[in-house]
Amino acid sequence: MRISILGAGAWGTALAIALAERHDVVLWGRSEDAMAQAARSRENTAYLPGHPLPAALKATADFSLALDHVAQGDGLLIAATSVAGLRPLAQQLQGKAIPNLVWLCKGLEEGSGLLPHQVVREVLGTQLPAGVLSGPSFAQEVAQGLPCALVIAAEDAALRELVVAAVHGPAIRVYSSDDVVGVEVGGAVKNILAIATGILDGMSLGLNARAALITRGLAEITRLGIALGARAETFMGLAGVGDLILTCTGDLSRNRKVGLGLAQGKPLETIVTELGHVAEGVRCAAAVRNLAQQLQIEMPITNAVAGILFDGHSPRATVEQLLARHPRDESISAS
């Protein structure tokens, strides 16, 4: 199958490495210098150092070449940008002959508060077969060929079948869903909760506290998702509890590292600079807080993270306030 991946960050590069073993893959990045260097050295030293690019994988900064590669037949186009980069990329695709579009980003668009599928529809309309590929997946492990499981969510059944055929393989299992909203909400909010978990871990509050936070965080994800039209069972799957556990507990999690830095008293700007990569939970926290307020949904953990990130609240005082909240009935609807 012909596959073009638009975006040569860590996750886009890792997926390109995995798929190039079985498919004809083009990896596109904006920087001519970076892509030329990757083509020469067979390594994306900026975003995924230490993981060689297969000989068959084409690395290019030629946007037209990447699109032409999938323009005919059953080609698959995968957007591997950040949420902030999705709209500009979709605008580049306007008027182009593309068979379908799948994106990997997780979050809400800053400013508009839109989910990725809403951004794509706003720019490219509703006729293009489109969907989201999500789930618990660290780029470094995928590039190593270690096992993982993902979910493709799309309204179009033919697109779901195409993505399963393309991505499902010896090390990657792919499941299907038509709950696009649920899969996107799970992928977005779990990053905020990973920041919260990093704060707890950085304060050495213990594994009991971590388990409690993850569990009540899942309730927040589910409340928001249901309000937006998602199905509750989606959050018991890969894009919900699966991605939440990985991002909150894995040492490779960038969002968890943000929380660890905040617990150490580091300024947010310093933490983000040291990461060198996008931590989607930072941008997403403000958007989710605003959306929850509009929908009148109580999300205390999300609000606490946003307060620490943007309002100057002390991590320790914020944790104390959360612990002092009045006990409630344990349910999704309870706050």
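Residues numbered from 1 in each chain as written. Predicted model: local features only at pLDDT ≥ 70, side-chain atom pairs only at ≥ 80, totals over all residues. Heavy atoms only, no water.

Asks: Residues and numbers for helix 9 (residues 207–227), please.
Replies: For helix 9, spanning 21 residues, the distance from its first C-alpha to its last is 31 Å, which sits close to the expected 30 Å at 1.5 Å a residue. In the core, the buried residues of helix 9 are packed alongside helix 8 (180–202), helix 10 (238–249), helix 11 (254–263), helix 13 (280–295) and helix 14 (300–310). A positive backbone phi angle near 105 degrees is found at Gly229, which sits one or two residues after helix 9. (Helix = DSSP H or I, 4+ residues; strand = E, 2+ residues; numbered from the N terminus. Expected span 1.5 Å × (residues − 1). Contact = heavy atoms within 4.5 Å.)

Asks: Any chance you could break down the UniProt feature "binding site: NADPH" (unreviewed entry) in the chain for me, citing the residues and the numbers?
Replies: Those residues carrying the UniProt feature "binding site: NADPH" (unreviewed entry) are Trp11, Arg30, Tyr47, Lys106, Ala139, Arg254, Val278 and Glu280 in this numbering. Of the residues just listed, which span 270 residues, the most distant C-alpha pair is 22.7 Å apart, and they do not cluster in one region. With respect to the helices and strands, Trp11 occurs in helix 1 (residues 10–19). The contact partners of Trp11, leaving out residues within four places of it in the chain, are Leu104, Ser137, Ala139, Val142 and Leu150. Within the secondary structure, Lys106 is located in the loop between strand 5 (101–103) and helix 5 (116–124). Lys106 sits in the buried class, given a relative accessible area of 13%. Apart from residues no more than four positions distant in its own chain, Lys106 is found in contact with Val83, Ser134, Gly135, Ser137, Gly187, Ala188, Lys190, Asn191, Asp243 and Glu280. (UniProt positions renumbered as here; feature names shortened; annotations may be inferred. Buried < 20%, exposed > 50% of the residue type's maximum accessible area, 1.4 Å probe, protein only.)

Asks: Before we move on, could you go through the pattern of salt bridges and cite the residues and values that matter?
Replies: All chains considered together, the criterion is met by 14 salt bridges. Where Arg256 meets Asp201, a salt bridge forms, and the shortest distance between an N and an O atom there is 3.0 Å. With Arg256 in helix 11 and Asp201 in helix 8, this pair connects stretches of sequence that are 55 residues apart. Accessibility classification places Arg256 together with Asp201 in one group, the buried group. Across the pair Arg325 and Glu298 runs a salt bridge, and its minimum N-O distance is 3.5 Å. Of the two residues, Arg325 is situated in the segment after helix 15 (315–323) and Glu298 in the loop between helix 13 and helix 14; the sequence distance between them amounts to 27 residues. We classify Glu298 as partly exposed; its relative accessible area is 36%. Connected through shared salt-bridge partners, Asp201, Arg210, Asp251 and Arg256 make up one network. (Salt bridge = Lys/Arg side-chain N within 4 Å of Asp/Glu carboxyl O.)

Asks: Tell me about the domain arrangement of the chain, and please be specific about residues and values.
Replies: Segmentation of the chain into domains returns domain 1 (2–178) and domain 2 (188–324). Distance from the C-alpha centre of domain 1 to the C-alpha centre of domain 2: 26 Å. Each side of the interface is counted separately: domain 1 has 26 residues, and domain 2 has 21 residues. A combined buried area of about 1800 Å² lies between domain 1 and domain 2, and 69% of that area is made up of carbon and sulfur atoms. For domain 1, the biggest contributors to the area lost against domain 2 are Lys106, Leu108 and Phe138; these three give 36% of the whole. The interface formed by domain 1 and domain 2 includes two salt bridges. (Domains from an automatic or database assignment. Buried area = accessible area lost by both parts, 1.4 Å probe.)

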